[in-house]
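# Fold and contact review
Residue strings, one per chain:
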Amino acid sequence: MPGQPNPEFLRRAIALATQNVAEARGGPFGAVIVRAGKIVGEGANSVTATNDPTAHAEVNAIRAAAKTLGTFTLAGCELYTSCEPCPMCLAAAYWARLDAVYYGASAADAARAGFDDAFLYGEFRKNSNQRKLRSMQLLSDEAWASFAAWIASPNKIEY
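Residues numbered from 1 in each chain as written. Predicted model: local features only at pLDDT ≥ 70, side-chain atom pairs only at ≥ 80, totals over all residues. Heavy atoms only, no water.

So, on to the overall build of the chain. Secondary structure assignment for the chain yields seven helices and four strands. Overall, the chain shows an N-to-C arrangement of helices and strands of α-β-β-α-α-β-α-β-α-α-α. With the C-alpha coordinates of the chain rotated into their principal frame, the extents come out at 50 × 40 × 30 Å. Looking at the chain as a whole, 31% of its 159 residues qualify as buried. Look at the contacts in the chain between residues 6 or more apart in sequence, and 49% of them connect residues 24 or more apart. In the chain, the 15 positive side-chain charges and the 15 negative ones have mean positions that sit 1 Å from each other. (Helix = DSSP H or I, 4+ residues; strand = E, 2+ residues; numbered from the N terminus. Buried < 20%, exposed > 50% of the residue type's maximum accessible area, 1.4 Å probe, protein only. Contact = heavy atoms within 4.5 Å. Lys, Arg positive; Asp, Glu negative; His and termini not counted. Charge placed at Lys NZ, Arg CZ, Asp CG, Glu CD.)

As structure tokens, this is what we get:
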């Protein structure tokens, strides 16, 4: 269960975001992961520096924390991020099993600066056949084999 939010951790995330811009390393986003009152991972946006569209601050911080802690689950940890997470980063926070997310700037603030996620939220509400990104299911029976193998495997690590 999350404790009381600590503004100092959010200040660190904001400082990472500002430093990232000042040093021309990427977008104005920074994030830290905290466990038991200590930072266990931090990250800044590195999309353009690494040519990786998934290298958002929150994802980079989650990756750093998971590496530091040697685990794929960050239950017991909290995310402090300079801006309200985009859909990808929010999903990553759920997948990481974080206990809480605290953010500074809002999605509306990000949109004012040219980072607008409203399009993505709109796309998610549509049926897959109405989205701008074409998608369709193929080979469903063959693809099920992977799940059948997972179900039958005595060696799986559940997550």
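Structure shown, so let's carry the discussion forward.
Turning next to the packing of helix α3 (residues 57-69) against helix α4 (residues 87-95). Look at α3 against α4: their axes get within 8 Å of each other, and the N-to-C directions meet at 25°. Classed by the angle they form, the pair α3 and α4 counts as roughly parallel. At the point where α3 passes α4, the crossing takes the left-handed sense. Contact with α3, carried on its side by E58, V59 and I62, involves M88, C89, A92 and A93 of α4 and no other residues of that element. (Axes fitted to C-alpha atoms, helices over the stretch in contact; angles between N-to-C directions. Parallel < 35°, antiparallel > 145°, perpendicular 65-115°, else oblique. Left-handed = near helix turned anticlockwise from the far one by under 90°.)

Turning our attention to the packing of aromatic side chains. The geometry of an aromatic ring pair is captured by the separation of the ring centres together with the interplanar angle, meaning the angle of the planes. Scanning all chains against the criterion turns up six aromatic pairs. With a centroid separation of 5.4 Å and an interplanar angle of 35°, the aromatic rings of W144 and F147 are classed as tilted. Here F147 and W144 lie together in helix α7 (residues 140-152), a separation of three residues that amounts to about one turn. A network of ring pairs unites the aromatic residues F9, Y80 and Y102 as a single cluster. The lysine or arginine in question, K156, covers the ring of W150, its NZ or CZ lying 5.7 Å from the ring centre. (Phe/Tyr/Trp six-rings, centres within 6.5 Å; stacked < 30°, edge-to-face > 60°. Lys NZ or Arg CZ within 6 Å of the ring centre and 35° of its normal.)

A few words now on the side chain of S82. Turning to its location among the elements, S82 is positioned in strand β3 (residues 77-83). By relative accessible area, S82 is classed as buried at 8%. Discounting residues that sit within four places of it in the chain, S82 has contacts with L10, A13, I14, A17, P28, F29, G30, G104 and A105.

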